Amino acid sequence: MYELSSNFLFISFICYIVATFFFGGSMKVNDQGPNRWATIGISITILGFLSQITYFITRWIAAGHAPVSNLFEFITFFGMMLILAFILIHFIYRLNIIGLFALPIAIIIIAYATVFPHEIKPLVPSLKSYWLHIHVTTAALGEAILAISFITGLIYLIKNINQSKSTKKTFWLEAVLYFLITVVAFILISTAFNASGYEAKYNWVNKDGVKEEMIYNLPSIVGPHKGELTTEGKFEALAEMPALINAKKLNTVIWSIFAGIALYLVIRLIIRKRIGAFLQPFVQKVDSDLLDEIGYRAVAIGFPVFTLGGLIFAMIWAQIAWTRFWSWDPKEDWALITWLFYAVFLHLRFKRNWQGEKSAWLAVIGFAIIMFNLIAVNLIIAGLHSYA
Amino acid sequence: METFKCECGHLNHVGTVICESCGKPQDETATDLLDMKYEGTARRSIVNNQTFIDKVWMFFSSVKVAVVIIIITLIAAALGTIFPQRDLLPPTADPATYYQDEYGTFGKIYDFIGLDNTFNSWWFMLLVASIGISLVICSLDRIVPLYKALNKQTVTRHPGFLTRQRMFGTTKVENITEEIEKAKKNLIKKRYKIREENGNILAEKGRFSRWGPYVNHIGLIIFLIGVMLRYVPGMYLDKALWVQEGELKPIVGTNQNYYIKLNDFHMETYNKKTEGKVYEEAIERFGNDKIPKNYQADVTLYKRQGNLIPGEEPKLTKVKDYNIRVNEPLKFQHFALYQVDYKIGEFSAFLFTLEDKKTGKKLGPLKVDLQNPKEVYDLKNGYKVELRNYFPDFYFNSDGVPDTKTRKPNNPAFVFKMTTPETPKGEVAFVAIKQNIEPDGVNKYKMTFAGIETKDSTGLTVRKDLTLWLLGIGGTIFMIGVIQGMYWYHRRVWIQNQDGEIWIAAFTNKNYYGLKQELKKVLGDTKIELPIDQQSEKSV
C-alpha cells in the first residue's frame, strides 16, 4: 500500500509538470477564457489532483492516520491544497496565466517535501486525536488559498514593474524570483547528493563539551566545532564553526545560497536580462485589475478558513492536548503573526492607494510569512510543534 | 452637532462627504471615483475634535493607527520567537544563564532587553489592550452613521453620485420604462430587493454583509474580555499533581472535595517486533522503543462525603474509573486532569531479611515502605526489627551527621534495631545502599538487602478554566462576522431615467468581477448597455 501510494504521488507530480507546459501553450492563444491548450492543461491538473488524492487516501489506509503528521506529509498536503485552490480559482475566473505560475510553485513545494524523510512514522501520544485531521487540513487549506494571492501578486508585479531601468522594485522582484530559484537549487543538490549516497562523518565537541557524531549529506564547507572528518576521501571543511552554531544546517544554507546564485547566473547568462524583464512579455496581456481582484478575493476567502483552522481549531486542540488553548509556542505565534498580517492587508485595502501594486507586495510578504511558519519554524526554532 | 443643507434640502452633519439623502458629492469640483467607504458619512471622530476625549477618540478611531498597532504587535511577537521564552525553557535549564550559555552574546542581549518574556510583559499587554480599545472605538465610530446612511438611502440619486460610481453607463433607448421593467425582473430573479421612485430603481442585496466587520470586531472584543477574565481570582487554575501508583491524594484546588487514586501507570513505545511492517523504517531511524506510543494513568476518582474533620479519614465514594491519556483528560465538574509527565521505577519499598551472620539463617523478608515506613516489624518467636531512624535522601550534613536532603526516597538509609532471643537487648545497624555500619562493634545479626519494589508516578495538570465558554462565544461570533463580511457582498444597482437616457450605476463592497458577471446576466435581454468599469478604464 505504501509503495502504491508513493507511485500515485509521483504520477501527480508528473501531471503537474506536463500541465504547466499546456498552460504555457495556452498563453499563445489567449490569456483568458477557454482554449484547447488550457482545457487540456486543467484536465491534466485535475487528473494529477485525483492521483494525489489517491496517494493521500492509500497512505492514510497504510498508516492508520491521515498523512499530515510530519514535514514530508504536511508539505505535500499543502501542495495538494494549493492545486485545489488553483482549480477552484481557475473555474471562477478562467485566467490561464495563474496556472502557469501556480503549478510550478506547487511543483516546487511538493519537490521540497521529498527532501524530508518519507517513511510512515507512527503517531506520538500528543498527535493521537481526530483534531490532527481537522486542524492540520483546515490550516493548510487556508494557507493554500492565501497563497493564491501571492501568485496573482507575483504576476501583477512582473507585469507592472517598470523593467526599463534598475530600481528598488526591480531588485526586490528579482530577490523574490532568486529565492524561488534557490529553493529549486536546494532541492536539486540535496536530491543529487542523496541519490549518490554521499555521507561524511565528523566527530565533534558540542557546547557542553560532549563528543558527538555528525553526518553530512552534502560536502562540508563549514565543519562543526573541533570537528574531525572520519570518513576517508571526503571533502574537508574550510572553516570550523563555534559550538553554538549548528554547522550542518548552516552548511546546507550556504550550499543552497551558492547553488541558487549559480543557477540564477546561468539563467541570466542565457536570457541576458533580469528574470522579471524576461517574464514580463508573457504576462503583458493580463488584466491587472482582475489580478488584483483575484488576489483580494483569495485573501477574503482564505482568511476565514485560516482563522478557523490555524487559530480556532488549533486552540481547541491545544486545550485538549496541551492543557491550555494558547502556549505562545513559536508555531502558534507565527500563525498569529500570519493572521495579524492578513488582517492588516484587509484593513489597508479600504484605502484606494493600497490596491494594486502595494497589495501585490503585501501578498508576497504574506506568503513569505506562511512559508517561514511552514518550514523555518520547524527547522530552526524548536517548540511544541517540532514533531517532524 | 453642526449641520449644513444640501441642495436637495437635506440637513447633513458637518463632515459628510456624500449627502445622506440624495447622494450628491459635496466636493463638486472633483471628477474622480467617489470614495464610498462608510457611505461618505460624518463620523464622531471627524465631527468632534476639540476636547481631550475627542482627541483620544480620534486617535483610536483611525484605521491607520489600528494598522500601526497591529504591525508593532506582529513584529514584537516575531521577535519573541527568536529564542525560547523563559517559561518554555527545558526543565533542566538554569534560567539565569540559559540565554548566554545557549545563544552567546545575542542571547544575553535578548534576555537583557526583556524579549525572553515578551508575551507576559507589560508592553505586550499594552499593545493587545490598544488593539482592544481600537476595536471598540473604530466600530462605534463607524457603525452608527453607516447604519443610518444605509437605512435611509433614497432611490433617486444625484447625477454626480451616479457618474462617479466605479460602474457607470448611459444608454439611449426608445422605450425607457419597458427596458427598466425588464431589468427589474431580472434583478428580482437575482434576489435583489427593489425600491422604486418615479420610475427610478434602487436594487440592493447582501446589505448584511456590511455588518460583518462590526460583528467580527464584537467577537474579538468578547474574546479579549474572556482572556482578561482569567485574571479574576477563581476563574482559572493551573496546578501540578504527582500521584504514585497505589497512592490516594486529594486533588489540589478542589477544597479536598475530590480525591484521586492512581491504580496503574503505563508508558508504551513503538517496538519493531510488535508493530506492523509499516512503521519499521521509522522505528529503525529513531531507534527501537524510542518513539513514545502511549502515556496512560489508570485512575479512580473519589468524591468526599460529609464534612472534613481534622485528624479523621475522609469518607470517600467512588465516582468513576478512568484512563487518562494525552488528548483524553479526565473531566469532572469544572475540572480537567491531564496526563503531562511521569516517573518510571521510583523506589517505593526496600525488602530485607534478618540474617544470622554465623549460620546464614534468614528470617523475613520484611518490607519497608519508603513513603510511610512502619516502626516495628514483628518476625514472630521473639524476633523483631525496629526502624529507629529513616533518611529518605541520605547524606552527611556539614556536621558530619547523617541527614536527609529531601523527602523523596532517592537514596534511602535506615537505622535498624534488631532484637532476637539471642540478643534480647538488641543490636543497632545503619543500613544504606551498599553500606552496613555497626556502631556498637560486632553484631550477631545483620539486615540483608533482599530486593526493591518500585512504583511509577504520573504527573498530572489540574486545570479549571471558567473563561472558555466566553472565548467560545467570542470565537464563534468572530467567525460568523468574518464569513458574513467576506463571503457575501453588498451590491447595489441604480437605474434612473435621466432626460430620455437610462443611467445605470453599480456598487459593491468587494468582488467587482462577480458584480460584472451578474450585470451581464441582468442586462442580457435588455437594450441597456453594460456599465463601464471606470477604474480599469483609467488604469489602461
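Right above here is the structure, for reference.
Residues numbered from 1 in each chain as written. Chains lettered and ligands numbered in written order. Predicted model: local features only at pLDDT ≥ 70, side-chain atom pairs only at ≥ 80, totals over all residues. Heavy atoms only, no water.

*Asks:* Help me understand the overall build of chain B, please; the structure alone is not making it clear to me.
*Replies:* When helices and strands are tallied, chain B shows 12 helices and 24 strands. Taken against the 2.2 N^0.38 rule, which gives 24 Å for 540 residues, the C-alpha radius of gyration of chain B at 40 Å runs more than 25% over that of a compact globule. Looking at chain B as a whole, 46% of its 540 residues qualify as buried. Across chain B, the 73 positively charged side chains and the 63 negatively charged ones have centroids separated by 3 Å. (Helix = DSSP H or I, 4+ residues; strand = E, 2+ residues; numbered from the N terminus. Rg over C-alpha atoms; globule rule 2.2 N^0.38 Å. Buried < 20%, exposed > 50% of the residue type's maximum accessible area, 1.4 Å probe, protein only. Lys, Arg positive; Asp, Glu negative; His and termini not counted. Charge placed at Lys NZ, Arg CZ, Asp CG, Glu CD.)

*Asks:* Teacher, can you tell me more about the sheet that holds strand E19 (residues 427-432) of chain B here?
*Replies:* Strand pairs in the sheet, formed through backbone hydrogen bonds, run parallel or antiparallel to each other. Residue and element names in this part refer to chain B. In space, the five strands of this open sheet follow the order E14-E15-E18-E19-E20, with antiparallel pairing throughout. Lying at the two open borders of the sheet, with one neighbouring strand each, are strand E14 (376-378) and strand E20 (435-437). Taken pair by pair, the neighbouring strands of this sheet meet at an average axis angle of 25 degrees, ignoring direction. The pairing of strand E15 (residues 384-391) with strand E18 (residues 413-419) spans seven bridges and is antiparallel. Bridge pairing in E18 places Tyr390 opposite Phe414. (Pairing = 2+ DSSP bridges. Axes fitted to C-alpha atoms, helices over the stretch in contact; angles between N-to-C directions.)

*Asks:* Any chance you could explain the interface of chain A and chain B here in plain terms?
*Replies:* How big an interface is tends to be stated in terms of accessible area lost as the parts join. Facing the 60 residues of chain A at the interface are 65 residues of chain B. For the pairing of chain A and chain B, the buried interface totals around 5400 Å² over both sides, and the portion due to carbon and sulfur atoms is 64%. We note a salt bridge from Glu119(A) to Arg285(B), for which the minimum N-O separation is 3.0 Å. Counting the contacts that link chain A with chain B gives 16 residue pairs in polar contact (both at pLDDT 80 or more). Those elements that provide at least two residues to the side of chain A that touches chain B are helix H2 (36-63), helix H3 (71-93), helix H9 (288-321) and helix H10 (330-348) of chain A. In terms of residue count, H9(A) provides more of the side of chain A that touches chain B than any other element does, 18 residues in total. Of the residues that constitute the side of chain A that touches chain B, the class distribution is 38 nonpolar, 10 polar and 12 charged. (Contact = heavy atoms within 4.5 Å. Buried area = accessible area lost by both parts, 1.4 Å probe. Salt bridge = Lys/Arg side-chain N within 4 Å of Asp/Glu carboxyl O. Polar contact = N/O pair within 3.5 Å; in protein donor to acceptor, adjacent residues only side chain to side chain. Nonpolar A, V, L, I, M, F, W, Y, C, P; charged D, E, K, R; others polar.)

*Asks:* Is there a simple way to think about the packing of aromatic side chains in this case?
*Replies:* Ring pairs (aromatic) are described by centroid distance and by the angle formed between their planes. All names here are of chain B. Under the definition given, this model contains 53 aromatic pairs over all chains. Relative to Phe60, the ring of Phe59 lies with its centre 5.1 Å away and its plane at 85 degrees, an arrangement referred to as edge-to-face. A residue is classified by how much of its surface remains accessible, and Phe60, at 14% relative accessible area, is buried. Through pairs of rings, three or more aromatic residues link up here, namely Phe347, Phe350, Phe352, Tyr390, Phe414, Phe416 and Phe449. Arg166 extends its terminal NZ or CZ atom over the ring of Tyr512, reaching a point 4.0 Å from the ring centre. (Phe/Tyr/Trp six-rings, centres within 6.5 Å; stacked < 30°, edge-to-face > 60°. Lys NZ or Arg CZ within 6 Å of the ring centre and 35° of its normal.)

*Asks:* Before we go on, may I ask you to explain a nonpolar patch on the surface in this structure?
*Replies:* On the surface, Phe10(A), Ile14(A), Ile17(A), Val18(A) and Phe21(A) cluster together to form a nonpolar patch covering roughly 470 Å² of accessible area. In this structure, Val18(A) sits in helix H1 (residues 2-29). (Patch = residues over 30% accessible without salt bridge, like charges linked within 9 Å, V, L, I, M, F, W, Y side chains within 5 Å. Areas by Shrake-Rupley, 256 points an atom, 1.4 Å probe, with all protein chains shown as cover.)

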